[in-house]
Structures are given as C-alpha cells and as structure tokens.
Protein chains: 2
Amino acid sequence: METITIKDIAKMCGVGVSTVSRAINDHPDINQETKNIVMQVIKENNYIPNNSARNLKRSDSRTIAVLIKGISNPFFSSMIKIFENEIQRKKYSFVLHRVEEQEDEIDVAVELVKEKRLRGIVFLGGHFTHTAEKLEQVKVPFVLSTIGVKENNLINKGFACVAVDDFKESYKMVDYLCKNGHKKIAIISSSISDESIGKRRLEGYKKALEDNHIFYNMNLVRTMREDIETYTMKNGYEVTKDLLESNEEFTAIYAISDSLAIGACRAIMEAGKNVPNDYSVAGFDGLEIGLYYNPSLTTIRQPVEEMAFETIKMLFDLINKKTTPDSKIFPAKLVIAESTRKI
Amino acid sequence: METITIKDIAKMCGVGVSTVSRAINDHPDINQETKNIVMQVIKENNYIPNNSARNLKRSDSRTIAVLIKGISNPFFSSMIKIFENEIQRKKYSFVLHRVEEQEDEIDVAVELVKEKRLRGIVFLGGHFTHTAEKLEQVKVPFVLSTIGVKENNLINKGFACVAVDDFKESYKMVDYLCKNGHKKIAIISSSISDESIGKRRLEGYKKALEDNHIFYNMNLVRTMREDIETYTMKNGYEVTKDLLESNEEFTAIYAISDSLAIGACRAIMEAGKNVPNDYSVAGFDGLEIGLYYNPSLTTIRQPVEEMAFETIKMLFDLINKKTTPDSKIFPAKLVIAESTRKI
DNA sequence: TTGTATGCGTTATCAC
DNA sequence: GTGATAACGCATACAA
C-alpha cells in the first residue's frame, strides 16, 4: 500500500486539494457540509498529513519546545507536566526534546527551530556554559529554566532565566547545620572543573563555614566520582563509603543533591551507623523521595511548580513582546526532616 | 537575518546545490577538496539543513523511534540508555518520543513514520489494549517492550514482544511470602478495569494464595486510588494508610510496584510500626531506589538491561528480515532484602 | 465557497 | 565530479 496523500483524498472526494487542506486546518472559508464529507473520507482511509511537508510550508506553527538535558532527572518530571498543561492552555503545541549529554543544546535548538518552526524554547536543566554570542544564534524567544549559570555570566546580561540562588540556598543549609552544633561538616560536591550549580553550592558551603568561624577542612570536601554517573545515589553511596573508611571525623554530610544524600544514608547504615544519631545527612532539591525515605530527608526544596509556571509566563511574555528578557530568582525552602539533628 | 538555505551556501561557494548536498551527506561522488571548501563555508555561516525538507525528500532515514508512555517512570531510564547506544552502534539515529497519557500511541506512531521516515519503532511501557487490526496500521517493524499485554491477545499472535511473565513473577513473590509464614497478605493492586499488567499481577497473587491453601480475603485487596497518579509513592502511601486505619489484620503487604511499596513503608513507619518487624513489605520492578531505601526492598527484579538489548536485537532482525515477529519472555528474579521477614 | 498554481528546502535523476 | 531540474506533500495567494 502506498502512502496516501492529500491529493488522494481530494480525488476521492472529488474536490481540490485546497479544500481538503481547509478541512484539515479548520479554515473558516469552507462549507460545513463539504468539510464533513472530507473529514469522513480522511477517517475512513486513516489519512494522516505529513508533518514534514506541513512544517516546510508553514512559517507559523504555534509550537513550543522544551529541551531537557538527561531524561532521568526526577526533578524535572513535575515541571514538565506543568509546561505541558500551560502550553496547551495557550493553544500552543508542545514538543519535549531530549538532548544527549555530549550534544550542544544550542545547536539542537537552532535545528529544531528550523524544522518545527518553533515560537519559543525552554532550556531545562544541565550546566550552561555557552557564551552570549552562542546564545544569540537562537532566533526565537527562550528561557533558561533551573539551569546552573555562571555567576555574573548570563543572569543580568539580557537573558531570561528562572532559577534559585544556589549560593544562597546552599549557605542556608550549611548555616543551619552549623547553628545546630555541627562543626565537622563533610560535603559531597561536584568536580573542580564544574563551573555551574555544583560550584556555587560549594561556595555557599565555604562561606557558611567561614561566617560560623569553622575551619575549612579540605579532607571533608568530597567530589563525585567521575567514573560513575554524577548526581546519582550510587555516586553518593561510593563517595560516602570512601569518606567513612578514611576515618576523617565528621558529624554531618551535606550532599548537593537529594539522590547523593540518599546514597550517603545507605552507606552510613551499611557501616552499622545511624542517621541522624551518628551522622546527620542533608540534601538539596526537594525530590519527592525525600519525603518517603527513612529517615525523611532534610533538604532545600526548590519551588518547582512556581518556577515552572514562571518559566512559561516569561516565555509567553517574550513571545508577545510584553517584556524584555530578564532573570527571576526564586527563594527555596529549608525543609527540616528526620535526617539531621542538633548535637 | 533571513534563514540561510542550501542555495545560499551554493552561491557563496560558487557551486551547485547538489554539490553542497553531496558534501553534507558524505556522498562518495565528490572531490575531497571542494567538499572541504563547502564544509568550511557551512561552518562559518552556521548553516543547518532543514530537517523537514530532508525528511520530505528522503525515503530512507535510518531512524528508529522509541515511543514511551509517561516520562516519569524511572524504570525506563536505564533501558533508554541502552537503546541509544545500541541504535547508534548500528549507525542508525535515535528519536525518543513521549506519548501523553491520553494519546493513542498507534496514531502517534503512524504519524511519526510518515514524518521521519522511520525504519522501526519500539513501544515502551504503558498498557496496551489495541487490537491486532489497529496494530497493523503501523507499516514498519516494531517491538512492544515491557508492555503489559492482555494474555493470549498479542503475544503469540504474530507481534514482537519483550516482557516478563507478570503472572508467574507475581506468583513467585506471593508464594515466597506464604512460605515464610505469612497468611494475611494485603495487596496494593490496580483498579478492576485494568486489563494489563496490574490484572496479571493480581491473578498471580490469587493463584499463589490458592496453592498455599490461604483464604482469599477481599478486604486485603486494595486498589490504587484513581484521584492520585497511579503507581506512585503517594498512592501507595495513601492506600496503606487507609488499610492500617481499617484495622483489617495482615502481616505483609505486596505492592505491585516498588514506588507503591515505598509509599507503603512510609505509611507504616508513620503509624509507629516497623518494617519488617511489624509488617513485611514487598514490591515489584527492581528499581534502583529499592537498593538504597531503608529497609532495602524485597522485590521482583526485571532484567531491564537484557530486555533492552533483546528489544533492539529483535527490532533489527525484523528490519533486516531475518525473523518474523515473535515474543520473548524473560525470567525475573526474586530479590530478598530487608523489608520482608519470616514469621 | 472552491480549484489551480506556485514554492517551501532538500535530495535524486539526469545530463554534462 | 559537477550542475540543472524535477519531485517530495502540503499550504496559500489568487483566480474563478
């Protein structure tokens, strides 16, 4: 069976192709009756218009793409749901596109704009180390959402960002631990080369220690292993196991993500110790699992829903030229749960 | 700035469009030198070919699509990685496409085949209640992977499936609980209307009870709440809370997914009880979190990696016409961990 | 209200 | 090896 085209449908109906096209696209200038007939024939023959051809012709597609780096991050799933709803509510259609770890998201974006005639883009997650020049290749409005950006690099430089202040929130957590009597606080952080989220969270840690007059002990700064996928439970587990075996003394571990923190908890338990009695453990992100874990996880909860709504609002304001690109920093919340205690 | 096309590049280089096309597509009939020049100009101008136009012209795209229902399922992420690697290894390109809960995956597939000139499709997850007739609309080879299919419906009816035997594996778990002295085993299952995975796991539960001469108590059969997203921790938590408050006696809970089981554990702990001392809890799937949870989770581990490899192998065998569609059932493994005990 | 003709950006089929 | 040119399937300006 040959693939069926709009011409075939037109012939079957005894009408011109443009009539069929009008029927498909809910064009106003068409007789309701002929439209019904056309739609009927289309249904009977399982005709589906070729999207490549449509996109090629159209200049306007009312489509928003969300580009997400790494699909496995549970942090994003609730945001995506909101994106989806909000975008549909505005009568736009929504394309979720995953960009692989080694791909350049800007290149992918440029390609997608051409292919799908996008009206706007959301870049979700990942570390963003592009120059402003590179970003300018993207010719449609876009928002960088929950993306770790280099301080003073993109934010305040005319790009639209939605994020939390990783430095400040990280400080908040470490300060909380200090105020609860912890003086030997280990951190599970990202590698030195990371210029993004990880670095800023580490800086928050350092500053909090300093302000609390606590000696900064390099041996307590542990970086994720590079031979294991980063920001995972397994990584947190292995790093913590090493830490415990090093016999370096500490009373708390601050992991820069909840997944890492959960791995840390497990490592501690397997060493026959208790959380939080022997060691306090804190995370960052506010994943759902933190609520259900045992012990429930002390963490920094990012206001994901609000951030998602703001991302879409910002994007549409940009599309409708109501605003110029700007950044919006959301406050996150210190959630105190069972995994940390006062000593 | 106008979008730049192949024509513009051709003019800039002083060559014909076909030469540019040849350069882009690694065509053999082209002088290496002119190719270099063309590629240079392309790079300088950030030219990116329009995929819609390419797909429109091409008959052959060497592209495989993976259609996944619901993006949040952590069960899939490791499979996707393998798909990606394997597909690239075969010099095909890979498109991940998410299909929304209410969408019809077959319609999406048919559309995508036309748009992207797909060579093959993997349907991943979800409940599959399509008729054979409907499936035949898909004109390229496809594999149903880890999809709950109605018994005797699709399997053995000329469709390619990769799955575990949900009935048998569920039986295995419940039988294990029975053999460990549990006589009052609650189940967190799916709603009655579910004709897919959930139903088969429930049937396995029933049969195991029967074979162990245990009375089937309807009050211990709990279904996920429909007002909360299914197969989630929250759902397991709420259902278990209800169960505990009902004062119906039981010594074990078998949840038909790990996420549900984790929610169940939390509900039990919050009621001041202990897992496994007061209640044993078992799950199904073998998610990574089960290893890190406290207590670690007794579960049925599906051999996700093997299943992913087999899925791709099967698909390429189909594409290369080495085989006809067939189903392959993988054995899963009962993983005994800390969340269950003998009584 | 409807049909015809043109072009979207690319690849493939020819000639050269 | 290279360059015109005809499709690919559709939307749309324009004619009817």
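Throughout, a residue's number is its position along its own chain's written sequence, starting from 1. Chain labels run from A onward and ligand labels from 1 onward, assigned in the order the entries are written. Local features in a predicted model are, by the rule used here, given only for residues with pLDDT of at least 70; side-chain atom pairs are given and counted only at 80 or more, and totals for whole chains, interfaces and linings are based on all residues. For side-chain calculations, the full set of non-hydrogen atoms in the structure is used, while hydrogens and water are omitted.

## With respect to the UniProt feature "domain: HTH lacI-type" (unreviewed entry) in chain A
(1) Moving on: UniProt positions are given in the numbering used here, feature names are shortened, and annotations may be inferred rather than shown by experiment. This chain's UniProt record puts "domain: HTH lacI-type" (unreviewed entry) on residues 4–58 of chain A.
(2) Moving on: The annotated region residues 4–58 of chain A carries 65% helix and 0% strand content, and the separation between its end C-alpha atoms amounts to 21 Å. Segments assigned H or I by DSSP are reported as helices when at least four residues long, segments assigned E as strands when at least two residues long, and all are numbered from the N terminus.

## Focus on the protein's contact with DNA strand D
(1) Moving on: Being near a molecule or strand, for a residue, means having at least one of its heavy atoms within 4 Å of it. Taken together, 26 residues are adjacent to DNA strand D, and Ile 6 and Tyr 47 of chain A together with Thr 19, Arg 22 and Lys 57 of chain B come closest.
(2) Moving on: For DNA strand D, the backbone portion of the atoms within 4 Å of the protein, that is sugar and phosphate, comes to 53%.
(3) Moving on: Pairs of N or O atoms within 3.5 Å make up the polar contacts considered here, provided that, within protein, one atom can donate a hydrogen while the other can accept it, and that residues adjacent in sequence are counted only when both atoms are side-chain atoms. Interatomic distance of 2.9 Å between a backbone N/O atom of Gly 16 of chain B and a phosphate oxygen of DNA strand D.
(4) Moving on: In this structure, Arg 22 of chain B approaches DNA strand D through a side-chain N or O atom, which is 2.6 Å from a base oxygen.
(5) Moving on: Secondary structure elements with two or more residues in the surface near DNA strand D: α2 (17–24) and α4 (51–57) of chain A together with α2 (17–24) and α4 (51–57) of chain B.
(6) Moving on: For the surface near DNA strand D, the element with the highest residue contribution is α2 of chain B, accounting for 4 residues.
(7) Moving on: By residue class, the composition of the surface near DNA strand D is 8 nonpolar, 12 polar and 6 charged. Three classes are used: nonpolar for Ala, Val, Leu, Ile, Met, Phe, Trp, Tyr, Cys and Pro, charged for Asp, Glu, Lys and Arg, and polar for all others, with Gly counted as polar.

## Notes on the interface of chain A and chain B
Interfaces are often sized by the accessible area lost when the parts come together.
(1) Moving on: Facing the 48 residues of chain A at the interface are 48 residues of chain B.
(2) Moving on: At the boundary of chain A with chain B, total buried surface from both sides reaches about 4,300 Å², with 53% on carbon and sulfur atoms.
(3) Moving on: By buried area we mean how much accessible surface two parts lose on assembly, using a 1.4 Å probe and totalling the loss over both. Three residues, Lys 114, Arg 266 and Tyr 292 of chain A, lead the burial of chain A against chain B; their summed loss comes to 18% of the area buried on that side.
(4) Moving on: Put simply, a salt bridge is a Lys or Arg side-chain nitrogen that is within 4 Å of an Asp or Glu carboxyl oxygen. Counting across the chain A and chain B interface gives 8 salt bridges.
(5) Moving on: Where chain A touches chain B, the interface holds 27 residue pairs in polar contact (both at pLDDT 80 or more).
(6) Moving on: Elements represented by at least two residues in the side of chain A that touches chain B include exactly α4, α5 (77–89), β2 (93–99), α6 (105–116), α10 (233–245), α11 (258–270) and α12 (288–292) of chain A.
(7) Moving on: It is α6 of chain A that provides the largest number of residues to the side of chain A that touches chain B, a total of 6 residues.
(8) Moving on: For the side of chain A that touches chain B, the class distribution of residues is 20 nonpolar, 12 polar and 16 charged. Whether two residues touch is decided by their heavy atoms; if any such pair falls within 4.5 Å, the residues are in contact.

## A short note on the packing of aromatic side chains
(1) Moving on: For Phe, Tyr and Trp, rings pair up if their centres lie within 6.5 Å, where Trp contributes its six-membered ring, and each pair is then called stacked (planes under 30 degrees apart), edge-to-face (over 60) or tilted (otherwise). Scanning the entire structure with this criterion turns up 13 aromatic pairs over all chains.
(2) Moving on: Note on Phe 250 of chain A and Tyr 279 of chain A: the rings are 4.5 Å apart at their centroids and 20 degrees apart in plane angle, and the pair reads as stacked. Highlighted residues: Phe 250 of chain A in the loop between α10 and β10 (252–255) and Tyr 279 of chain A in the loop between α11 and β11 (280–282), separated in sequence by 29 residues.
(3) Moving on: Residue Phe 250 of chain A is classed as buried on the basis of its relative accessible area of 7%.
(4) Moving on: Judged by its relative accessible area of 14%, Tyr 279 of chain A is buried.
(5) Moving on: Ring geometry for Tyr 92 of chain B and Phe 316 of chain B: centres 4.9 Å apart, planes at 85 degrees, overall edge-to-face. With Tyr 92 of chain B in the loop between α5 (77–89) and β2 (93–99) and Phe 316 of chain B in helix α13 (residues 304–319), this residue pair connects regions lying 224 residues apart in the sequence. Residues Tyr 92 of chain B and Phe 316 of chain B agree in their burial class; the two are buried.
(6) Moving on: Of the aromatic side chains, those joined through ring pairs into one cluster are Phe 123, Phe 142 and Phe 159 of chain A.
(7) Moving on: Stacked on the ring of Phe 316 of chain A, the Lys or Arg Lys 90 of chain A has its end atom at 4.9 Å from the ring centre. Throughout, exposure labels follow a simple rule: accessible area from a 1.4 Å probe, protein chains only, divided by the maximum for the residue type, with under 20% read as buried, over 50% as exposed, and the rest as partly exposed. A ring has a charge above it when a Lys NZ or an Arg CZ is no more than 6 Å from the ring centre and no more than 35 degrees off the ring normal.

## Overview of unusual backbone geometry
(1) Moving on: Cis rather than trans, the peptide bond between Asn 294 of chain A and Pro 295 of chain A has omega equal to 0 degrees.
(2) Moving on: For Pro 295 of chain A, the location among the structural elements is in the loop between α12 and β12 (299–301).
(3) Moving on: With phi around 60 degrees, Tyr 231 of chain B is a residue other than glycine that occupies positive phi space.
(4) Moving on: Tracing the chain through its elements places Tyr 231 of chain B in the loop between β9 (221–223) and α10 (233–245).
(5) Moving on: Look at Asn 247 of chain B: it is not a glycine, yet its phi comes out positive at around 65 degrees.

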